[in-house]
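# Structural features, examined
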Amino acid sequence: MGKSERSLIDLGRRVAALQDQAPEARLDHARGRARLGAAELRARPPTRPLAVRLSAISAAALLVVAIVAGVVMRPRPLQFTLGAGEPGAVGAWLAASSTAELPVRFSDGSWLLLAPGGRARVAAVDADGAEIALERGALDLSIVHSDHTRWSVRVGPFQVHVIGTRFETRWDPTTEQLVVALREGAITVSGPIVGDARAVRAGERLTISPAKGTLEVGALDEAPAPAPTAAVPSAPAPSAPPEVAVPDEAAPVVATPDVASPGPPTRAGEAAPPSPRVRASADVTAAPARPAAPDWRALALEAKYKDALAAAELEGFDAICAAASAHDLRVLGDVARLGGNPARAGQAFTSLRARFPGSPEAATAAFLLGRIAQDQSKDHAGAAGWFTRYLSERPGGENATEAAGRLIEAAHEMGDEAGARRAAERYLAAHPSGPHAAYARRVLARGGRATP
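No experiment lies behind these values; they were computed from the predicted model shown. (Residues numbered from 1 in each chain as written. Predicted model: local features only at pLDDT ≥ 70, side-chain atom pairs only at ≥ 80, totals over all residues. Heavy atoms only, no water.)

Looking now at empty space enclosed by the protein. Going through the model one piece at a time under the given rule, you end up with 2 cavities of 30 Å³ or more. Approximately 90 Å³ is the volume attributed to the largest cavity. Lining the largest cavity are 11 residues, and of these Val 90, Gly 91, Ala 92, Tyr 439 and Arg 442 sit closest to its centre. The element contributing the most residues to the lining of the largest cavity is helix H14 (residues 437-445), with 3 residues. Counted as a void, the second largest cavity has a volume near 40 Å³. What lines the second largest cavity is Leu 94, Leu 102, Val 104, Leu 112, Leu 114, Ala 120, Ile 132 and Leu 139. Classifying every residue of the lining of the second largest cavity by side-chain character gives 8 nonpolar, no polar and no charged. (1 Å grid on protein atoms, 1.4 Å probe; cavity = no way out; pocket = protein on both sides within 12 Å on 5 of 7 lines; lining within 4 Å. Points joined across faces, edges and corners; volume = space filled by probe spheres on them. Helix = DSSP H or I, 4+ residues; strand = E, 2+ residues; numbered from the N terminus. Nonpolar A, V, L, I, M, F, W, Y, C, P; charged D, E, K, R; others polar.)

See below:
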């Protein structure tokens, strides 16, 4: 063993002896580890702020994910096409030709069928349904039902609320008569006569006439009652024509009034010449009775507007305008308007306003004069004037919503951008959910350059 090794052994013995003399001087490994841990904790920064920051970052990330998911998963509004597949536009008028129906198909499987000559528009759409405005004519609807289905049809002063169903509705603006026929499903009708949410049962037909104050309820397939006619006694069964007796020599000849005298009597065995009396009698009975002139009011009730206009011309259009009641003048104007003669319609409505100023019919005439100017004459300045006049006379009238919307269109067509924006702002303030609301917002967003 070398010297160095002996020195190390001696040192170990001395350390052991000292530990035996002072046990408290021994190394405490547990306490040392505890002190070391405490020192490490004091040297580390606090961890709570970091956890808070991580929680905030996680919450923000979750919020972003939720927003993105909501945008991606939000149901899109229904789309629809016209006829053979032409894309439809919300708020645009739909007009079926006089000889063909116009189909309208929606992306949820629902469809509409506008009868020939009908006029309507899809006023609004969302993911759960659409709002349809029927101006005139017949509309056949088949609506697909779901848990959130929400469809409605505006017809004059009436509102038809649809859950999911198959039904038809018909509206005549001249007579202001509504017909609703429900084949299956559930609908309610609100408006004059029926009140709020009158339920219609499957297989039921309602015929509502505010002008007459009547409500008729019948079966869907029930034939309409025939028009009453005068009682005519039944004629006897036809028989063979009687033989004409040939008078003998002694038989007297009697002349009848208004008939030519007969020729000389025949003798027995002689051939009888043709009897003028018999021929005259036959001529009188064969003369047909002259038919009565058709009544233009009755033809208007049957929606035969061209025929009604022709009958009014025969009766004397100018004379009718000078003497007819306010109601008849309103009907006469509609007959001419729907019969294709805007000049005669303007004459009837102008006469109505001159003869019955301040009446509800006169205010309606102003609205209809605006429609004639806008739709048929393309006189947008004149249309704007009439719509403004109607709104001043009947600001809460049944045509106020449409008049206010058409006023935006008229101002736009005139190139009056400021006027179009003012009209759009007034429309949204009064009718935020009206059929022209989307168009009004486009006008405001595009500085009055939106296309109707």
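Now that the structure has been shown, we can carry on.
Under the 1.5 Å per step criterion, the end-to-end length of helix H13 (residues 417-430) is 20 Å for 14 residues, consistent within 8% with the ideal 20 Å. Buried within H13 are the following residues: Gly 419, Ala 420, Ala 423, Ala 424, Tyr 427 and Leu 428. For H13, the buried positions fall inside an angular range of 165° around the axis, keeping them on one side. (Expected span 1.5 Å × (residues − 1). Buried < 20%, exposed > 50% of the residue type's maximum accessible area, 1.4 Å probe, protein only. Arc of directions from axis to C-beta.)

What follows covers helix H11 (residues 380-393). The first and last C-alpha atoms of H11 sit 20 Å apart over 14 residues, in line with the 20 Å expected at 1.5 Å per residue. Those residues of H11 not exposed but buried are His 380, Ala 383, Ala 384, Phe 387 and Tyr 390. Seen along its axis, H11 keeps its buried residues to an arc of 130°; they face one direction.

Next up on the list: the packing of helix H6 (residues 305-315) against helix H8 (residues 326-338). Running from amino to carboxyl end, H6 crosses H8 at an angle of 120°, the nearest separation of the two axes being 8 Å. Classified by the angle their axes make, H6 and H8 are oblique. Between H6 and H8 lies a crossing of left-handed hand. Along its contact with H6, which presents Tyr 305, Ala 308, Leu 309 and Ala 312, the element H8 presents Leu 332, Val 335, Ala 336 and Leu 338. The residue inventory of the contact of H6 with H8, partitioned by class, reads 8 nonpolar, no polar and no charged. (Axes fitted to C-alpha atoms, helices over the stretch in contact; angles between N-to-C directions. Parallel < 35°, antiparallel > 145°, perpendicular 65-115°, else oblique. Left-handed = near helix turned anticlockwise from the far one by under 90°. Contact = heavy atoms within 4.5 Å.)

One can find Asp 140 in strand E7 (residues 129-143). Overall, Asp 140 belongs to the buried group, its relative accessible area being 15%. Of note is the side chain of Asp 140, whose polar atom sits 3.0 Å from the side chain of Arg 166. Residue contacts for Asp 140: discarding those within four places in its chain leaves Trp 111, Leu 112, Leu 113, Arg 166, Phe 167 and Glu 168. (Polar contact = N/O pair within 3.5 Å; in protein donor to acceptor, adjacent residues only side chain to side chain.)

Moving on to the layout of surface pockets. Over the atoms, a rolling probe the size of a water molecule traces out where space has been left empty. In this structure, the second largest pocket encloses a volume near 670 Å³. Forming the walls of the second largest pocket are 30 residues, and the residues nearest its centre are Gly 156, Pro 157, Glu 398, Asn 399 and Glu 402. Mapped by element, the contributors of at least two residues to the lining of the second largest pocket are E7, strand E8 (151-155), strand E9 (158-172), H8, helix H10 (360-376) and helix H12 (400-414). Looking at side-chain class alone, the lining of the second largest pocket contains 14 nonpolar, 6 polar and 10 charged residues.

Applying the stated rule across the entire model yields 18 salt bridges. Arg 166 serves as the salt-bridge partner of Asp 140, at 3.0 Å between the closest nitrogen and oxygen. Residue Asp 140 is located in strand E7, and its partner Arg 166 is located in strand E9; the two are separated by 26 residues in the primary sequence. Two residues, Asp 318 and Arg 344, come together in a salt bridge whose shortest N-O distance is 3.1 Å. Here Asp 318, found in helix H7 (residues 317-323), pairs with Arg 344, found in helix H9 (residues 342-355); they are 26 residues apart in sequence, far enough to count as distant. Overall, the relative accessible area of 48% leaves Asp 318 in the partly exposed class. Salt bridges linked by common partners bring Arg 119, Glu 135, Arg 371, Asp 375, Glu 402 and Arg 406 together as one network. (Salt bridge = Lys/Arg side-chain N within 4 Å of Asp/Glu carboxyl O.)

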